[in-house]
Amino acid sequence: NAGVMQNPRHLVRRRGQEARLRCSPMKGHSHVYWYRQLPEEGLKFMVYLQKENIIDESGMPKERFSAEFPKEGPSILRIQQVVRGDSAAYFCASSPPVTQETQYFGPGTRLLVL
Amino acid sequence: ELKVEQNPLFLSMQEGKNYTIYCNYSTTSDRLYWYRQDPGKSLESLFVLLSNGAVKQEGRLMASLDTKARLSTLHITAAVHDLSATYFCAVDGGNQFYFGTGTSLTVIP
């Protein structure tokens, strides 16, 4: 059973470009979470999705950031017109429908904005 | 917003010694999780604590949860170099996990 997969693992963008980060949850998991980690800090929640639904996006910046989890295919975190402050590690986690399980984290995408 | 505080933030300890990392949180929750992160890597799940008084042990690490005090501890026994990493606690806030700031542990010979 493959774990949570994320790609790309590293992404370099120039200011103003778009960044697309992908996450495939573990098999059987229908809940996906995105977190951002700045250097030397803990993880900060961004958004929680289930298939075709955004459940909680209270941690998402109001502008330039969007997320989706379509019926088919991976979850995507999209950052438009990136700025240097978007440079961070973005982690995706998944969990099964049954609550109280831990969240399983992917390897992360490290975004560098030049 | 639920706040999670860990201390210490940095911990340097000698091999063979014992130490405890503390995780305090601000709002009632019955579910707390411990993770380990190596530099440049993802988070590895260590412990899942689901009720007051829960205690879990794996090797040299033992975690406990006191929901009344809103406190979890991660106790390290007879530290070895392989335990050097950053340790995070996370509290289940419903739709998200709230993470502590992390404790960077270095075990020195």
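The preceding data block contains the structure.
Residues numbered from 1 in each chain as written. Chains lettered and ligands numbered in written order. Predicted model: local features only at pLDDT ≥ 70, side-chain atom pairs only at ≥ 80, totals over all residues. Heavy atoms only, no water.

1. With respect to the interface of chain A and chain B
Many descriptions give the size of an interface as the accessible area lost when the pieces come together. Across the boundary between the two partners, chain A contributes 20 residues, which contact 18 residues of chain B. Summed over both partners, the interface of chain A with chain B comes to about 1,500 Å²; 51% of that surface belongs to carbon and sulfur atoms. For the pair chain A and chain B, the number of links is 0 salt bridges. Taken together, the connections running from chain A to chain B amount to 8 residue pairs in polar contact (both at pLDDT 80 or more). Going through the elements one at a time, strand S4 (31-37), strand S5 (43-50) and strand S6 (53-56) of chain A are the ones with two or more residues in the side of chain A that touches chain B. Residue classes in the side of chain A that touches chain B are distributed as 9 nonpolar, 7 polar and 4 charged. (Contact = heavy atoms within 4.5 Å. Buried area = accessible area lost by both parts, 1.4 Å probe. Salt bridge = Lys/Arg side-chain N within 4 Å of Asp/Glu carboxyl O. Polar contact = N/O pair within 3.5 Å; in protein donor to acceptor, adjacent residues only side chain to side chain. Helix = DSSP H or I, 4+ residues; strand = E, 2+ residues; numbered from the N terminus. Nonpolar A, V, L, I, M, F, W, Y, C, P; charged D, E, K, R; others polar.)

2. Here's the deal with the sheet that holds strand S1 (residues 5-7) of chain A
In a beta sheet, neighbouring strands are held together by backbone hydrogen bonds and run either parallel or antiparallel to one another. All names here are of chain A. Overall, antiparallel pairing links the 4 strands, which are arranged S1-S3-S8-S7 in an open sheet. Two strands close off the open sheet at either side, each with one partner strand: S1 and strand S7 (65-68). Here the average twist between neighbouring strands, direction ignored, is 15 degrees. (Pairing = 2+ DSSP bridges. Axes fitted to C-alpha atoms, helices over the stretch in contact; angles between N-to-C directions.)

3. A short note on the sheet that holds strand S1 (residues 4-7) of chain B
Residues and elements named next belong to chain B. A sheet is described by the order of its strands in space; here 5 strands give the open sequence S1-S3-S8-S7-S6, paired in antiparallel fashion. Two strands in the sheet have a free side with no partner beyond their single neighbour: S1 and strand S6 (55-58). Going across the sheet, the axis of each strand differs from the next one's by a mean of 15 degrees, ignoring polarity. Pairing of S6 with strand S7 (residues 61-66), which is carried by 4 bridges, proceeds in the antiparallel orientation. By the bridge assignment for S7, Val55 is matched with Ser64.

4. A few points about unusual backbone geometry
With the exception of glycine, most residues fall at negative phi, and the peptide bonds are largely trans. In this chain, Asn7(A) is followed by Pro8(A) through a cis amide linkage whose omega measures -5 degrees. Following the sequence through the fold, Pro8(A) ends up in the loop between S1 and strand S2 (10-13). In this model, Asn7(B) is joined to Pro8(B) through a cis peptide bond whose omega is 0 degrees. Within the fold, Pro8(B) resides in the loop between S1 and strand S2 (10-14).

5. Focus on the pattern of salt bridges
Residue and element names in this part refer to chain A. Inspection of every chain in the model, using the stated rule, returns 5 salt bridges over all chains. Linking Arg78 and Glu18 is a salt bridge whose minimum nitrogen-to-oxygen distance equals 2.9 Å. On the criterion of sequence distance, the pair formed by Arg78 in strand S8 (residues 75-79) and Glu18 in the loop between S2 and strand S3 (19-24) is long-range, its members being 60 residues apart. On the basis of relative accessibility, which here comes to 27%, the residue Arg78 falls in the partly exposed class. (Buried < 20%, exposed > 50% of the residue type's maximum accessible area, 1.4 Å probe, protein only.)

6. A short note on the state of the cysteines
Scanning the entire structure with this criterion turns up 2 disulfides over all chains. Disulfide pairing is shown between Cys23(A) and Cys92(A); the S-S distance is 1.7 Å. Across the disulfide from Cys23(A) to Cys92(A), rotation about the S-S bond amounts to roughly -50 degrees, and the bridge is consequently left-handed. Of this pair, Cys23(A) sits in strand S3 while Cys92(A) sits in strand S9 (residues 88-95), placing them 69 residues apart in sequence. A disulfide bridge connects Cys23(B) with Cys89(B), and the sulfur atoms are separated by 2.0 Å. Taking the sign of the torsion about the S-S bond as the criterion, the disulfide between Cys23(B) and Cys89(B), at about 80 degrees, is right-handed. Highlighted residues: Cys23(B) in strand S3 (residues 19-25) and Cys89(B) in strand S9 (residues 85-92), separated in sequence by 66 residues. (Disulfide = S-S within 2.5 Å.)

Purely geometric stuff here, so don't read any function into it on its own.
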